[in-house]
Amino acid sequence: MSGVPILRSRTDLQKAVRGWKAAGEVVGVVPTMGALHQGHLSLVRAAKEVCDRVVVTLFVNPKQFNNPEDLENYPRTEAGDAAKLAPFKVDVLYVPDGGQMYPDGFATTVSVEGLTNVLCGAHRPGHFDGVATVVTKLFLQSGADKAFFGEKDYQQLQVVTRLARDLDIPVEVVGCPTIREEDGLAMSSRNLLLSDRARIPAPVLHEVMQDVAKGLSRGKAFGELKAAAEARILSAGFTKVDYFDLRACDDLSVLDAPDRPARLLAAAWLAGVRLIDNIAVPALLD
Ligand code: AMP
């Protein structure tokens, strides 16, 4: 017994949340695809700090996988996830099955323009439509007042913030910092797919990003730093760099210098696993 109440039906979830809200309680939701690690648990901790009730959702959303093999290989560890949540005393672990989320005849897609054409969106067709659709459903099903997302998926954080605002969903989206392994690798459920050997060069992605951020703070143009950064990532053993970009925090437009709040974002393939990362870049002062 994990001790965390697991609900699998939307109506049961809605009944529980109605009761809490009637009592004036603040409800938080932490959407996940499971295979929980310290990154996910940091969101749960953040939610527990400011909410009276916390719902963690676990749903491996088929609509956001642009590659069937990736969906098939995605780690599924529900019992272990429930055990990891037990010490946090979350109120509900909501594990809807596919039929709850996408019943026969399901025909609606939520699509956020602009923000989703670039970075991961350019490399993973349909990914952000899948994310936006499932997150909209989870916001509406949970009726949460606050929703907690990681900066690890920075573009996703911007997309869900925008959709809540555009669709007048009364939820506050709260972004939480990226949690890393000791060597700097951003924690990710996909890291489980790396063999011990493939795991060795994984932190290079973050190392290179930090060095580029330092170069930018010394006034170097991003154009000068990018090619060397990509070459270093490839020579460490990554097989492909999908992107290595400097972008504006608010609208993700391309920058050549951090002359407004900026972020470095990268995605690269290591041993058949696609790793993503991003870091803030200190603003250049003139
Ligand atoms: P996922 O299960 O990968 O869909 O992630 C669920 C939530 O956890 C998303 O909001 C992610 O951004 C967040 N998350 C994943 N990894 C990390 C991390 N290393 N640090 C902080 N948040 C994370």
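Refer to the structure printed above.
The sections below set out a description of the structure shown in this document. (Residues numbered from 1 in each chain as written. Predicted model: local features only at pLDDT ≥ 70, side-chain atom pairs only at ≥ 80, totals over all residues. Heavy atoms only, no water.)

Structural notes on the side chain of histidine 206
Take histidine 206: it is sitting in helix H10 (residues 204-217). Not counting residues within four places of it along the chain, the set of residues in contact with histidine 206 comprises Arg180, Gly184, Asp277 and Ile279. (Helix = DSSP H or I, 4+ residues; strand = E, 2+ residues; numbered from the N terminus. Contact = heavy atoms within 4.5 Å.)

Looking at unusual backbone geometry
Even without being glycine, leucine 119 reaches a positive phi, approximately 50°. Inspection of the secondary structure puts leucine 119 in the loop between helix H5 (98-101) and helix H6 (120-123). In the Ramachandran plot, alanine 271 falls in the positive-phi region, its phi being about 50° despite a non-glycine side chain. Secondary-structure assignment places alanine 271 in the loop between strand E8 (262-270) and strand E9 (273-281). Note on alanine 271: relative accessible area 53%, which makes it exposed. (Buried < 20%, exposed > 50% of the residue type's maximum accessible area, 1.4 Å probe, protein only.)

A look at the packing of aromatic side chains
The final tally for this structure, using the stated rule, is five aromatic pairs. Geometrically, the ring pair formed by tyrosine 102 and phenylalanine 106 is edge-to-face, given 5.0 Å between the ring centres and 70° between the ring planes. Note on phenylalanine 106: relative accessible area 29%, which makes it partly exposed. Seen in terms of ring centroids, phenylalanine 222 and phenylalanine 244 are 6.2 Å apart; in terms of plane orientation they differ by 5°. Their pairing is stacked. Here phenylalanine 222 is found in helix H11 (residues 222-235), whereas its partner phenylalanine 244 is found in strand E7 (residues 240-248), with 22 residues between them in sequence. Residue classification places phenylalanine 244 among the buried positions, given a relative accessible area of 0%. Through successive ring pairs, a cluster of aromatic residues spans Phe59, Tyr102 and Phe106. The cationic tip of lysine 63 hangs over the ring face of tyrosine 102; the distance from NZ or CZ to the ring centre is 4.6 Å. (Phe/Tyr/Trp six-rings, centres within 6.5 Å; stacked < 30°, edge-to-face > 60°. Lys NZ or Arg CZ within 6 Å of the ring centre and 35° of its normal.)

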